[in-house]
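# Coordinates in review
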Amino acid sequence: MEKVLVLDFGGQYNQLIARRVRENNVYSEIRPYTAPIEEIAAAGYKGIILTGGPKSVYGENAVLYSKKLFELGVPILGICYGAQLMSHMLGGVVEAGANEYGKVEVKVDQKSKLFADIPAKTVCWMSHTDYIKQIPLGFKIIGKTDDCPVAAMENAADKLYAVQFHPEVMHTQLGSQMIRNFLYNVCECKGEWTMSSFTTHTIEDLKNKIGNKKVLCALSGGVDSSVAALLLHRAVGDNLTCIFVDHGLLRKDEANQVNNLFKGTYNINLISIDASEQFLGQLRGISEPEQKRKIIGREFIRVFEAEAKKIGKVDYLVQGTIYPDCIESGVGDAALIKSHHNVGGLPDHVDFDEIIEPLRDLFKDEVRKVGLELGMPENMVYRQPFPGPGLGVRIIGELTREKIAILQDADAIFREEIANAGLDREIGQYFAVLTNMRSVGVMGDFRTYDYTVALRAVTTSDFMTADWARIPYDVLDAASRRIVNEVKGVNRIVYDITSKPPATIEWE
Ligand code: XMP
């Protein structure tokens, strides 16, 4: 299959670049700049994209790459730092001093293959302080701004292209077209990567690999494990067994929905365990967030292990790992920040021969498309992420059945109002939090002393950074009125207007 390499120099938009390539139906993979040139040369890429990055091409801490990269004969597109790297390594001059940040009008050379079907002036997103002062021999300038003499350059004969701006971000109006131009006009890709062909091939491959052997899958009801389970079910039918552990910290009615869909609609061999007594027993008196997380993770493994033992040895264990979980960063510590979120360790407690990860090459939006291909209902496919420890980290302080019920009801109302307003696809994550605070209120002739519920809603592309969602006042008003009227024990609603950083998305 044709594929394009995104060579990662540590820029913040690198996964976005890879996604944009795939949206144009070409498979892409991300590798760190520490990847050896020999491996890259041998991989047979149709094209290479050099990403942005925080470093400079000059000075003591410069990050460079083997010059042989430019001699492979593979088309290359340098973006931002990648553009400067190309210039520097091929004999051009890069210097500090032409700050540009934000939307900037770029005048482009429409005769370039990179700018086919792009108007002579187009708005692009810039974010740089270094700039290309002088292009290397053999290149020509194909883009300029008022402040930047080389907003884009090419050496068409050697299929080398570079842009100082970021075509991968939305603010570059025709960025996707530019990436498409690179893929189809320069790299001559055919566009073989589609989710329907992925789905068909994966089911076929799984059938061939697994045959009549036994497969076990931990189903959480989240998008990844649900899609993984459905793919496996299509491939091996009743040889798949799923285990669903209800820890009592799920959203309102969620356990029923999972059971109805997978057992009822899909007829999947599903073992569903209500382990809420066990979880809440272990969590009694515990209010420290990390301790709650640890206990929930530990009990999950215990319950799963006990059920898996009843089944006995299986041949395969399915995991819903997706591509962003696997990208070897090699740059920065993005991978570290997220690691605590995963409830790991399951494979150590189950008797199996091999792990299967059918989604390990896919980005989240691709997993959703596979879900649609498999006929999953849209409300499942577009579910927002839900943390493994569930409402356990959305109830501040100790967990009790009363508090869980209050939060489930408040959260269900908030989600319903967001959906009624048609905002559910726009907002990355939205939920209610039960604070541990009670305050005085009045209801009719009575004074109340009830809980404060916080509403949280964020827009985000990667959950590493997030902005609070500007939900219309009317929607907040409807949610607030309904929650205090319909949920006993709540008399005050607040809306969280902090971004991440410095806050996190969850409250615990
Ligand atoms: P934070 O709160 O760190 O959340 O900004 C970022 C994303 O991770 C989710 N999250 C978790 N997911 N186990 C999980 O599986 C956890 O312990 C956990 N804590 C946070 C959070 O919902 C958001 O999507």
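As the structure is a computational prediction, the values presented were derived from the model and not from experiment. (Residues numbered from 1 in each chain as written. Predicted model: local features only at pLDDT ≥ 70, side-chain atom pairs only at ≥ 80, totals over all residues. Heavy atoms only, no water.)

What follows covers the overall build of the chain. Looking only at helices and strands, the chain has 15 helices and 18 strands in total. Over its C-alpha trace the chain gives a radius of gyration of 26 Å, about what one expects of a compact globule, namely 23 Å for 508 residues. Dimensions of the chain, computed from C-alpha atoms along their principal axes, come out at roughly 80 × 65 × 40 Å. Buried positions account for 52% of the 508 residues belonging to the chain. Across the chain, contacts joining residues at least 24 apart in sequence account for 75% of those joining residues at least 6 apart. Carbon and sulfur atoms make up 49% of the accessible area of the chain, which amounts to about 23000 Å² in all. Of the side chains in the chain, 57 bear a positive and 67 a negative charge, and the two mean positions are spaced by 1 Å. (Helix = DSSP H or I, 4+ residues; strand = E, 2+ residues; numbered from the N terminus. Rg over C-alpha atoms; globule rule 2.2 N^0.38 Å. Buried < 20%, exposed > 50% of the residue type's maximum accessible area, 1.4 Å probe, protein only. Contact = heavy atoms within 4.5 Å. Areas by Shrake-Rupley, 256 points an atom, 1.4 Å probe, with all protein chains shown as cover. Lys, Arg positive; Asp, Glu negative; His and termini not counted. Charge placed at Lys NZ, Arg CZ, Asp CG, Glu CD.)

Residues Ile-76 and Gly-78 of strand E4 (residues 76-79) are buried on one face, and the alternating residues Leu-77 and Ile-79, pointing to the opposite face, are buried as well. In terms of strand pairing, strand E3 (residues 47-50) meets E4 through three bridges, oriented parallel. Its bridge partner being in E4, Ile-49 is matched across the sheet by Leu-77. In the sheet, E4 pairs with strand E9 (residues 160-163) via four bridges, with the strands oriented parallel. Note that in E9 the partner of Gly-78 across the bridge is Ala-162. (Pairing = 2+ DSSP bridges.)

Quick look at the sheet that holds E3 now. Pairing is mixed across the open sheet formed by nine strands, whose spatial order is E2-E1-E3-E4-E9-E8-E7-E5-E6. If you trace the sheet from one side to the other, it starts and ends with strand E2 (27-32) and strand E6 (121-134), each paired once. On average, each strand axis in the sheet is inclined to that of its neighbour by 20 degrees, with strand direction left out of account. With twelve bridges joining them, strand E5 (residues 93-108) and E6 adopt antiparallel strand pairing. Residue Ala-96 lies in a different strand from E6, and its bridge partner there is Asp-130. The strands touched by helix H1 (residues 14-23) are strand E1 (3-8), E2, E3 and E4; relative to E2, the strand with the most contacts, the crossing angle is about 160 degrees. Across the sheet, helix H3 (residues 81-89) is in contact with E3, E4, E5, E6, strand E8 (152-155) and E9; its angle to E4 comes to roughly 120 degrees. (Axes fitted to C-alpha atoms, helices over the stretch in contact; angles between N-to-C directions.)

We now examine the nonpolar core. Counting residues in each nonpolar core, the largest one holds 95 residues, and the members touching the most others are Phe-262, Phe-304, Leu-455 and Ile-471. The dominant element in this core, judged by the number of residues it contributes, is helix H6 (residues 223-236), at nine residues. Apart from the residues lying within four places of it in its own chain, the contact partners of Ile-471 are Phe-414, Ile-418, Leu-423, Ile-427, Ala-457, Leu-476 and Tyr-495. Counting residues in hydrophobic clusters, the runner-up holds 35 residues, among them Ala-18, Val-26, Leu-114 and Ile-327. (Core = buried A, V, L, I, M, F, W, Y, C linked by side-chain atoms within 4.5 Å.)

Looking now at the side chain of Arg-456. Among the secondary structure elements, Arg-456 is positioned in strand E16 (residues 446-459). Among the residues examined, Arg-456 registers a relative accessible area of 0% and is labelled buried. In terms of polar contacts, Arg-456 uses its side chain to reach the side chain of Asp-496, at 3.2 Å. For Arg-456, the contacting residues outside a window of four places in its chain are Phe-414, Gln-429, Tyr-430, Phe-431, Trp-468, Tyr-495, Asp-496, Thr-498, Ala-503, Thr-504, Ile-505 and Trp-507. (Polar contact = N/O pair within 3.5 Å; in protein donor to acceptor, adjacent residues only side chain to side chain.)

So, on to the packing of H6 against helix H12 (residues 364-373). Where H6 meets H12, the axes come as close as 10 Å, and the angle between the chain directions of the two elements is 45 degrees. What the angle tells us is that H6 and H12 run oblique. Here H6 and H12 pass one another in a crossing that is left-handed. Contact residues: Val-223, Asp-224, Val-227 and Leu-231 in H6; Lys-364, Val-367, Arg-368, Val-370 and Gly-371 in H12. Residues belonging to the contact of H6 with H12 are distributed by class as follows: five nonpolar, one polar and three charged. (Parallel < 35°, antiparallel > 145°, perpendicular 65-115°, else oblique. Left-handed = near helix turned anticlockwise from the far one by under 90°. Nonpolar A, V, L, I, M, F, W, Y, C, P; charged D, E, K, R; others polar.)

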